[in-house]
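Each chain is listed here by its residues.
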Amino acid sequence: MVFGLGRKAKKEEASEPDDSLTTAESTEDTAAGSGVRANGPFDETEITSRDGYVDLGALLIAPSEGLQLRLEVEEATQRVVAVTLDLNGSSLQLQAFAAPKTEGLWDEIREQIGQSVGAQGGQVEEVEGGFGTELVAKLPAGLPDGSQGYRVARFVGVDGPRWFLRGVLGGPAALERAAAEPLEALFRQVVVIRGGSPMPPRDLLQLRLPKDATATPPQPAPAQPAPALQEPERGPETTQIG
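Thresholds applied
Residues numbered from 1 in each chain as written. Predicted model: local features only at pLDDT ≥ 70, side-chain atom pairs only at ≥ 80, totals over all residues. Heavy atoms only, no water. Helix = DSSP H or I, 4+ residues; strand = E, 2+ residues; numbered from the N terminus. Phe/Tyr/Trp six-rings, centres within 6.5 Å; stacked < 30°, edge-to-face > 60°. Buried < 20%, exposed > 50% of the residue type's maximum accessible area, 1.4 Å probe, protein only. Core = buried A, V, L, I, M, F, W, Y, C linked by side-chain atoms within 4.5 Å. Contact = heavy atoms within 4.5 Å. Pairing = 2+ DSSP bridges.

Q: It is not clear to me how the environment of proline 200 should be interpreted in this structure. Could you clarify?
A: Mapped onto the fold, proline 200 is located in the loop between strand E12 (191–192) and strand E13 (213–216). Separated by 101 residues in sequence, proline 200 and alanine 99 have C-alpha atoms that sit 7.5 Å apart.

Listed below in structure tokens is the structure:
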């Protein structure tokens with residue numbers, strides 16, 4: 001399993017706290033293990049052991065044969081802002097956020113993604129999938145022959161107890177359900193480590209490089225990344241577990 005480190009030139013809009021929300025949290029918990037989360041992704045309280053997972057701090061990732069992981073680093077702050085899973089020519093970018101106890105973030109974030117894609121001249125369509133309401137986004141992109149085409153990404157979101165997990169599927173998995181199945185299975189196995197510290201809603205949960213990661217030669221980037229509003233810039237550094 002390979003790790004790659006990418007670079008981002010500026011902060012992502014979705015990672016910024018919403019100033020209209022306070023840090024006060026309600027005493028009511030989101031129901032655990034219900035609805036679309038009945039089969040994952042999971043909260044740390046819903047597993048018995050962390051053994052066998054790749055520990056990225058806020059996220060535990062189940063290993064899989066052929067899976068490559070890339071940690072996306074924000075250049076201004078040097079913090080890890082996302083992890084991307086590359087498998088079989090498709091990708092799944094993951095980000096976890098703090099959320100209120102009484103309500104989810106996905107409905108509001110889905111609307112904001114649609115507005116952002118529209119501002120870039122793209123189109124969005126809401127579809128129903130295994131994780132509830134999803135968003136398929138098409139953004140204008142230049143093709144190798146110089147003509148104008150589209151890049152497609154599929155956004156999924158799951159609200160958990162005091163956290164929200166967002167996934168962005170790229171490559172064939174964005175349009176083909178069969179191609180998406182292996183990454184969807186990995187998404188369901190993700191464990192979110194929210195922690196007990198108070199955090200403003202929408203704050204990114206902290207990711208980090210595993211302790212046993214070691215340097216390796218650069219790895220090629222996947223052919224079809226996520227759309228521009230989510231696409232991290234890729235740097236030359238890579239690290240590998242083991």
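Q: Would you mind going over the packing of aromatic side chains with me for this structure?
A: The description of an aromatic ring pair uses the distance of the two centres, along with the angle that the planes make with each other. Under the definition given, this model contains 3 aromatic pairs. Relative to phenylalanine 164, the ring of tryptophan 106 lies with its centre 5.7 Å away and its plane at 25 degrees, an arrangement referred to as stacked. Of this pair, tryptophan 106 sits in helix H1 (residues 106–119) while phenylalanine 164 sits in strand E11 (residues 163–170), and the two are 58 residues apart along the sequence. Taken as a pair, tryptophan 106 and phenylalanine 164 share a single burial class, namely buried. Site record: aromatic cluster; members linked through ring pairs are Phe97, Trp106 and Phe164.

Q: Where do I start with the nonpolar core in this structure?
A: Nonpolar side chains tend toward joint burial in soluble globular proteins. Counting residues in hydrophobic clusters, the biggest one holds 33 residues, and the most contacted among them are Leu59, Ile61, Leu85 and Leu94. Ignoring any residue separated from it by four or fewer positions in sequence, one finds isoleucine 61 in contact with Tyr53, Val54, Leu56, Leu67, Leu69, Leu85, Leu94 and Val190. In terms of nonpolar packing, the next biggest core, distinct from the first, is built from 17 residues, Ala82, Ile113, Leu135 and Leu139 among them.

Q: Before we go on, may I ask you to explain the sheet that holds strand E4 (residues 59–61) in this structure?
A: Note: strands within a sheet are paired through backbone hydrogen bonds, in either parallel or antiparallel orientation. With mixed pairing, the 4 strands of this open sheet are ordered in space as E2-E12-E4-E3. Sheet topology places strand E2 (42–43) and strand E3 (54–55) at the edges, where each strand pairs with a single neighbour. Direction of pairing for E4 relative to E12: antiparallel, over a ladder of 2 bridges. Counted as the bridge partner of leucine 59 is valine 192 from E12.

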